[in-house]
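# Close look at the chain arrangement
So you can see what is in the structure, the chains are spelled out below.
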Amino acid sequence: MAEQVNQRIEGMINELEQMKRTNLYTDDEIRELSRKRKEFEYRIQRRMKEKDDFVQYIAFELALLEDISLRRRQAKLSEKKKDIEYAIAKRLNKVFKQFIFRYQNDVAIYFEYIKFCQSVGFVYAVSAIINQMLQMHGDKPKMWQMVSMWESKEQKNLENARNFLLKGIHRHPESEILYLDLFEIELMLAFQAENEEEKDKYLKRAEVVWRSGIKNVPDMNYLFKLCDLSMKFGIDDATTNSIKEEIWNRSSDKNVWSYIANKELEGYHWTEIEEYVSEEFNYPPEVNNYIAVYEEALQRFPDENLCTKYIHGLLGIKDSVCTELQKISTVKHAWNYGHENGLLTNEMYAFGISMLKLQDEMTKDELTEIIDSALAKNPSYRMLWEEKLLLNKSDEKKMLCILQDAGKSLKSEDMLALWNFMFDKIESNVVFKSCYEKFKTCENAIVLSLKPKLLQKMYEHNGIKAARQIYEELIRTPPTQIDVHKIMIDLELSQEKPALKNVRKCYEALIQHHGTNNIEVWMDYIDFEQNKGSVALVPAIHRRAIGMLEKNVVDTFIKAQALAKLK
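Residues numbered from 1 in each chain as written. Predicted model: local features only at pLDDT ≥ 70, side-chain atom pairs only at ≥ 80, totals over all residues. Heavy atoms only, no water.

A few words now on the overall build of the chain. Helix and strand counts for the chain come out as 29 helices and 0 strands. Computed over its C-alpha atoms, the radius of gyration of the chain comes to 39 Å, more than 25% above the 24 Å expected for a compact globule of 567 residues. When its C-alpha atoms are laid out on the principal axes, the chain stretches across 100 × 80 × 40 Å. In the chain, which comprises 567 residues, the share counted as buried stands at 46%. Pairs at least 24 residues apart make up 59% of the contacts formed inside the chain by residues separated by at least 6 positions. (Helix = DSSP H or I, 4+ residues; strand = E, 2+ residues; numbered from the N terminus. Rg over C-alpha atoms; globule rule 2.2 N^0.38 Å. Buried < 20%, exposed > 50% of the residue type's maximum accessible area, 1.4 Å probe, protein only. Contact = heavy atoms within 4.5 Å.)

Attention now moves to the packing of aromatic side chains. One pass over the structure, following the stated rule, counts 16 aromatic pairs. When the ring of Y294 is compared with that of Y310, the centres are 5.1 Å apart and the planes differ by 20°; the resulting orientation is stacked. Taken together, the residues Y294 in helix α15 (residues 285–300) and Y310 in helix α16 (residues 304–315) connect sequence positions 16 residues apart. Per residue, the accessibility class of Y294 equals that of Y310, and both read buried. Through a chain of ring-to-ring contacts, three or more aromatic side chains come together here, namely F54, F99 and Y103. Positioned above the aromatic ring of F164 is the side chain of K167, whose terminal nitrogen or guanidinium carbon lies 5.7 Å from the ring centre. A cation over a ring is seen here: K244 above W270, with NZ or CZ 4.8 Å from the ring centre. (Phe/Tyr/Trp six-rings, centres within 6.5 Å; stacked < 30°, edge-to-face > 60°. Lys NZ or Arg CZ within 6 Å of the ring centre and 35° of its normal.)

Here we come to the side chain of R43. Here R43 is to be found in helix α3 (residues 27–45). Separated by 3.1 Å, the side chains of R43 and Q56 make a polar contact. Leave out the neighbours within four places in its chain, and R43 touches K49, D53 and Q56. (Polar contact = N/O pair within 3.5 Å; in protein donor to acceptor, adjacent residues only side chain to side chain.)

A cluster of acidic side chains, namely E194, E196, E197, E198 and D200, defines a negative patch on the protein surface. Inspection of the secondary structure assignment puts D200 in helix α11 (residues 196–216). The exposure class of D200 is partly exposed, given its relative accessible area of 38%. (Patch = residues over 30% accessible without salt bridge, like charges linked within 9 Å, V, L, I, M, F, W, Y side chains within 5 Å. Areas by Shrake-Rupley, 256 points an atom, 1.4 Å probe, with all protein chains shown as cover. Salt bridge = Lys/Arg side-chain N within 4 Å of Asp/Glu carboxyl O. Lys, Arg positive; Asp, Glu negative; His and termini not counted. Charge placed at Lys NZ, Arg CZ, Asp CG, Glu CD.)

Once that is clear, we can look at helix α14 (residues 254–266). Because each turn of an α-helix spans 3.6 residues, side chains separated by three or four positions end up pointing in the same direction. Its 13 residues place the ends of α14 19 Å apart at the C-alpha level, agreeing with the 18 Å of an ideal helix rising 1.5 Å per residue. Looking at the buried side of α14, the elements it contacts are α12 (220–233), α13 (237–248), α15 and α16. The backbone nitrogen of N255 has a side-chain oxygen 2.8 Å away, supplied by the residue at the start of α14, namely D253. Backbone geometry just downstream of α14 places G267 in the positive-phi region, at approximately 100°. (Expected span 1.5 Å × (residues − 1).)

This is the structure:
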């Protein structure tokens, strides 16, 4: 390897000498160039090569070429280009070839190589690189598309781009992307045509392309994309109308109706839909047509997802199409249509109810009727039960009846969330107490999960006495979470004159329930006595902890206590 590297370094001597002779670079700079090149050469010649080795070497040499060009302009020097720039370009060409041979599956390298060849004037090599790339990757339709895009976008050569796409389609007759790109190029050529005769020739070719495509690509989205392209160029109504007719002929597919409706909003009209348009709405024609198409589609295909698309489309109407008030009106109309026909998803019900509440145009009874009909369709959707609770939050009996009804349909975790929701929304102290009595009859999992929150809420609604009473009830029916005891301790300590006996009572209940395997509860108890209670009681609590804790955690407790004393 060293011998090969030295040979390549020797091959660079002439260009380095010419750099010095022309005063483009100083001796120190040339020595640094030589050192870096030698380092790069060793890296790309070693057995375990990495892609980054080639990338950095090529980037270094390309930057050097730019720097040489800049220095030449500053010095107004043009001699010895063949000995310097051309020599660098030839060597870079070899490095690129080595890079591609090593990483043949990386398509990006080929395109970087093509860019390099063009930048240094090796245009003759480009076609060979493309052919090599297609030999390696011609089994991928995307490659033919990329080569075509290179020709059309970078080279501005539409005919070459077209030829590559034709070859790609010959190899991949079912490739949607190749047909679409070829159709677009034919339209571009027609757009650029200098006379009508040329234009007609390209449009006929475009028609052959899209009609051939629909035989091999059965996907409806292919037809939609063809139509979009034809409408974008807008150079021939006959081509667009032919594609529109083909789309309408497939109206047994519900996606056709969504597409046509969206196009109507954009101002592209299908005469076939005029029989469905109603005169009852005072909206712009595009919006009337959109509504007519979707409601006819929903009559033919009663589908929740289709109804959701209907509403989403109206939400996305541009300001240039209609006013904000008209947009709100259309959305309400579409939502009501979906509600009346049982076509709303849970998410759409949530959206609609929020919208109606914001508008504040409906009575409580009307909203209740909507929620009830939604619950009849999907009784396991928790959000609807939450909305129903909100409508009746001042009526404790009604709320309890709603909770009872919800319990028949909701899963345990949803029922738990519903109780949580209710506790957060209740404002009346009396209602809260009544709900608590009902809550005690719930299944154990729900009662257990909500104990800490219930205690906190009872304090917020009814004060410390009610909190002490409920705490007593909770600890008499174990298990209780540690949080229940901690909340009660915090509540007692937050009083203006904390009663230490009440705090100790809570700590005693805490260690009674959790003192066999949890050292933290003992640490907290000791910390309380040391800082807010009586230091004299600490040794006794320490001894009780050692006696009560399980043997496998006693050592951990003793160490923790020792560390706490050091702090």
